[in-house]
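# Commentary on secondary and tertiary structure
Listed here are the chains, written in short residue letters.
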Amino acid sequence: MRYALIPVVLAPFAVALMASQGNAQSDSAPEIADQQRRLVAARAQSAAAAERAAKLDAAANAERDQAAKALAEEQALAAKVQQAQADITAATARIALVDRLLSDQQQQLAVQQGPIARLVAALCSLAQRPSAVAVVQPGSVADLVHVRAVLGSTLPLVQARTAGLRGELDRTRRLRADALLAAQSLTDSRRRLESNRIALARLEAEHRLKSQNFSRSALAESDRAIGLGERARDLVDQMQTTGDAASTGRALAQLPGPLPRPVQPGEIPPGALPWDTGSAPWRLPATGKLVTGFGEISDGGVTARGLTFAVPGEADVMAPAAGKIVFAGPFRGYGNVVIIDHGGGWTTLVSGLGTLSVKLNQPIGQGALIGAAQPGEDRRITVELRRKGRPVDPVALTG
C-alpha cells in the first residue's frame with residue numbers, strides 16, 4: 001500500500017529532525033571561556049601599556065635634563081614593545097577563539113544538516129514516482145489522512161530548520177571574516193613589534209654613543225681642571241717665594257676698612273634725620289641759662305633726658321624744628337606741654353609753658369611760636385628730643 005508506506009519512509013527523518021531541534025551545549029565551552037579570558041586579559045595589558053607609553057612620551061617631551069629625557073624615551077619605547085607583545089597575544093587568542101567557534105559551528109551544521117538532507121532525499125525520491133502510480137495504488141482514507149498529517153507536521157519543521165541553517169551559515173561567514181581580521185591584526189602587531197624593537201635598539205645605541213662622548217668630554221675637562229689647579233698652585237708658590245711688596249700692598253688695600261664706632265646713647269646716627277639738615281637742623285626753643293644738661297644725674301639719682309633752661313617770665317618759646325603738633329595742653333605738674341612730631345620717629349617735647357599758641361594736629365615750621373613761659377621770675381623750660389621713644393642729645397644738632 002503506497003500511502004501506508006509513505007509515513008514509514010518519512011517518520012525516521014522527522015524524528016531525527018525534531019531531535020536535532022535543540023541546541024546542545026558544546027563540550028568545548030570551557031575551552032572557549034578560557035580563550036575569552038585570555039583575550040580580555042591581553043587587551044587590558046595592551047591598553048595599560050599604551051597608556052604608560054603615552055605618559056612616558058609626554059614626560060620625555062617635557063623633560064629638560066638630557067639624561068632624564070633619554071631614560072624616559074627608552075622607557076616609552078619599551079612600553080610600546082610591551083604593548084605590541086600584548087596585541088600579539090590578544091590576536092593569537094582571538095584567532096584561537098574564532099577557530100574553535102568555527103569548528104563548533106561546523107559540527108553543529110553537520111548535525112543539523114544530516115536529518116534535513118536525508119528528509120529532502122526521501123521527498124525527492126517520492127516526488128520522482130509518477131502520480132498515476134500513487135492514484136492506482138489502493139489505500140484507505142485513514143492512510144491518506146495519516147500521510148497528510150505527517151507532511152503537514154514535517155514541512156513547517158523543515159522550513160524552520162532551513163531558516164535556522166541560513167542564520168548559522170551567516171554566523172559562519174561572520175566568524176570567517178573575524179578570523180581574517182584577527183590574522184591581519186596579528187600581522188600588524190608583529191610588524192609594529194619589530195619596528196619598535198628596532199627603534200629601541202637604535203635609541204639605546206644613540207644614547208650609549210652620546211654617553212661615551214660625554215664621558216670623554218668630562219675626562220678632558222677634568223684633566224684641564226687639574227692642569228689649571230697645578231698652574232694656580234705654581235702661581236701661589238711664586239707669590240710666596242718672591243714676596244712682592246706691591247702685590248701685598250694691593251691685597252691689603254682690597255681688605256675692608258674698620259667698622260665704625262657703635263652709636264653711643266644720646267648720639268644721633270648718620271643720616272637719621274628725616275627733615276632738611278641745614279646749618280641748624282634743630283634749635284633751642286628759648287633763650288636762657290642752662291640749668292640741667294643732657295644725661296646729668298640729679299641729687300635724687302634721676303638722669304636728665306633733656307635740657308632745662310632758666311628763662312624770664314612769659315618768655316616766648318619757639319618750635320625747635322618743623323613738624324606737626326600731636327599734643328598741646330596741661331600734663332600733671334609740668335604745666336602746659338607741647339609735643340611736636342617731626343616724622344621718621346623723631347619727636348620734641350617742650351614742658352613748663354604757661355600759655356599755648358598752637359593746637360592739636362596743627363602743622364608748624366621751625367622757629368614758629370608755640371607758647372610762652374609762665375609769669376614770674378626764674379621760670380624753667382625743659383625740652384627733650386627723642387628718636388623712636390629714646391632720648392637723644394640735641395646739642396649735636398644745634399647751630
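Residues numbered from 1 in each chain as written. Predicted model: local features only at pLDDT ≥ 70, side-chain atom pairs only at ≥ 80, totals over all residues. Heavy atoms only, no water.

On to the overall build of the protein. Scanning the protein for helices and strands turns up 6 helices and 10 strands. For the protein, the proportion of contacts with a sequence separation of at least 24, taken over those separated by at least 6, is 72%. Carbon together with sulfur atoms contributes 57% to the accessible area of the protein, which is approximately 24900 Å² in total. (Helix = DSSP H or I, 4+ residues; strand = E, 2+ residues; numbered from the N terminus. Contact = heavy atoms within 4.5 Å. Areas by Shrake-Rupley, 256 points an atom, 1.4 Å probe, with all protein chains shown as cover.)

Each pocket or cavity is described by its volume, and for the largest pocket that value is around 470 Å³. Tyr334, Leu349, Ser351, Thr382 and Glu384 are the residues nearest the centre of the largest pocket, which is lined by 22 residues in total. Elements represented by at least two residues in the lining of the largest pocket include exactly β2 (307-311), β5 (336-343), β6 (346-356) and β9 (379-387). Top element by residues in the lining of the largest pocket is β9. It accounts for 5 residues. Of the residues belonging to the lining of the largest pocket, the class tally is 9 nonpolar, 9 polar and 4 charged. (1 Å grid on protein atoms, 1.4 Å probe; cavity = no way out; pocket = protein on both sides within 12 Å on 5 of 7 lines; lining within 4 Å. Points joined across faces, edges and corners; volume = space filled by probe spheres on them. Nonpolar A, V, L, I, M, F, W, Y, C, P; charged D, E, K, R; others polar.)

As for its placement among the helices and strands, Ser351 is situated in strand β6. Each residue touching Ser351, except ones within four places of it in the same chain, is listed here: Tyr334, Asn336, Val337, Arg380, Ile381 and Thr382.

Right, let's talk about the packing of aromatic side chains for a bit. Inspection of the entire model under this criterion finds 1 aromatic pair. Note on Phe331 and Tyr334: the rings are 6.2 Å apart at their centroids and 20° apart in plane angle, and the pair reads as stacked. Here Phe331 falls in the partly exposed class, since its relative accessible area comes to 37%. (Phe/Tyr/Trp six-rings, centres within 6.5 Å; stacked < 30°, edge-to-face > 60°. Buried < 20%, exposed > 50% of the residue type's maximum accessible area, 1.4 Å probe, protein only.)

By the definition in use, this model includes 7 salt bridges. Here Asp57 makes a salt bridge to Lys80, at a shortest N to O gap of 3.3 Å. Highlighted residues: Asp57 in helix α2 (residues 29-62) and Lys80 in helix α3 (residues 66-127), separated in sequence by 23 residues. Residue Asp378 pairs with Arg380 through a salt bridge whose shortest N-O separation is 2.4 Å. For Arg380, a relative accessible area of 37% puts it in the partly exposed group. (Salt bridge = Lys/Arg side-chain N within 4 Å of Asp/Glu carboxyl O.)

Within soluble globular proteins, side chains that are nonpolar tend to cluster in buried spots. Grouped together as the largest cluster of nonpolar side chains are 24 residues, with contacts concentrated most on Val311, Val338, Val350, Ile364, Ile370 and Ile381. The set of elements that each furnish at least two residues to this core consists of β2, β5, β6, β8 (369-373) and β9. For Val338, the residues in contact, after removing those within four places along its chain, are Ile325, Phe327, Thr348, Leu349, Val350, Leu353, Leu356, Val358 and Ile370. Ala42, Ala90, Leu101 and Leu175 belong to the second largest nonpolar core, which has 11 residues in total. (Core = buried A, V, L, I, M, F, W, Y, C linked by side-chain atoms within 4.5 Å.)

Turning our eyes to something else, we now look at unusual backbone geometry. For Arg332, which is not glycine, the phi dihedral falls at a positive 45°. Looking at where Arg332 falls in the secondary structure, it is placed in the loop between β4 (323-330) and β5. With relative accessibility at 76%, the residue Arg332 sits in the exposed group. Located in the positive-phi region is Lys388, a residue other than glycine, with phi close to 55°. Structurally, the position occupied by Lys388 is in the loop between β9 and β10 (390-392).

Let us look at the environment of Ser185. Counting through the fold element by element, Ser185 comes out in helix α5 (residues 141-242). For Ser185, a relative accessible area of 29% corresponds to the partly exposed category.

Take the side chain of His342 next. Residue position: His342 is located in strand β5. Accessibility expressed as a relative area gives 9% for His342, which makes it buried. Side-chain polar atoms of His342 contact the backbone oxygen of Ala322, separated by 2.7 Å. (Polar contact = N/O pair within 3.5 Å; in protein donor to acceptor, adjacent residues only side chain to side chain.)

A separate point is the environment of Asp316. When you line up the elements, Asp316 lands in strand β3 (residues 316-318). Distance from Asp316 to Ile370, taken between C-alpha atoms, is 8.0 Å for residues 54 residues apart in sequence. Residue contacts for Asp316: discarding those within four places in its chain leaves Pro285, Ala286, Leu369, Gly371 and Ala372.

Attention now goes to the pairing of β8. Two faces, one strand: in a regular strand the side chains alternate between the faces of the sheet. The element β8 is extensively covered by neighbouring structure, given that 4 of its 5 residues are classed as buried. Note: β3 against β8, 3 bridges, orientation antiparallel. The partner of Met318 across the bridge, within β8, is Leu369. Where β6 and β8 come together, 3 bridges link them in antiparallel fashion. When the sheet's bridge partners are listed, Thr355 is paired in β8 with Ala372. (Pairing = 2+ DSSP bridges.)

As judged from the 2 bridges shared by β4 and strand β7 (residues 363-364), these two strands associate in the antiparallel manner. The partner of Gly323 across the bridge, within β7, is Ile364. When β4 meets β5, the two strands line up antiparallel, connected through 6 bridges. Considered in β5, the bridge of Phe327 is made with Ile339. Following β4, the chain reverses through 5 residues before pairing antiparallel with β5; Arg332 in that reversal takes a positive phi of roughly 45°.

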